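Here is what each chain is made of, one letter per residue.
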Amino acid sequence: MNKQLRTVVERAYRKINEAQTAIEDIQKHIVCSGFDDNPPAITHTKDDELILEWSGAEMPIERAIEYMEEYGYITPYDF
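Residues numbered from 1 in each chain as written. Predicted model: local features only at pLDDT ≥ 70, side-chain atom pairs only at ≥ 80, totals over all residues. Heavy atoms only, no water.

**A few points about the overall build of the protein**
Helix and strand counts for the protein come out as two helices and three strands. Along the protein, from the amino end to the carboxyl end, the secondary structure elements read α-β-β-β-α. Since a compact globule built from 79 residues should have a radius of gyration of about 12 Å, the 16 Å found for the protein marks it as more spread out than a globular shape. With respect to the principal axes defined by its C-alpha atoms, the protein has extents near 55 × 25 × 20 Å. Split into buried and exposed, the 79 residues of the protein put 23% on the buried side. (Helix = DSSP H or I, 4+ residues; strand = E, 2+ residues; numbered from the N terminus. Rg over C-alpha atoms; globule rule 2.2 N^0.38 Å. Buried < 20%, exposed > 50% of the residue type's maximum accessible area, 1.4 Å probe, protein only.)

Now the structure itself:
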């Protein structure tokens, strides 16, 4: 039983790492302007929704995509 538990825990760690890598890939495609040295970070909510988070404000990833498609970047005023 312990070997099976270890196997599923290791699988979960691999999946977490895979998800974190995917989030880092998204971050590379988000262009920010006007944030100085404090750009927004991509995170996920307890409901597993992706959001941009900056200075206590949140932006759903879908809105970030829309800003990127329309303007090519995100500013602090978008939050």
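**Details of the sheet that holds strand 3 (residues 57–60)**
The three strands are arranged 1-2-3 in an open sheet whose pairing can be described as antiparallel. Of all strands in the sheet, those bounded by a partner on one side alone are strand 1 (41–44) and strand 3. Neighbour to neighbour, the strand axes of the sheet diverge by 40° on average, direction disregarded. By the bridge criterion, four bridges tie strand 2 (residues 50–54) to strand 3 in an arrangement that is antiparallel. In the sheet register, Ile 51 faces strand 3, and the bridge partner there is Pro 60. Sheet strands in contact with helix 1 (residues 2–29) are strand 1 and strand 2, and its direction is about 145° off that of strand 1. Strands strand 2 and strand 3 of the sheet are contacted by helix 2 (residues 61–71), whose axis makes an angle of about 75° with strand 3. (Pairing = 2+ DSSP bridges. Axes fitted to C-alpha atoms, helices over the stretch in contact; angles between N-to-C directions. Contact = heavy atoms within 4.5 Å.)

Purely geometric stuff here, so don't read any function into it on its own.
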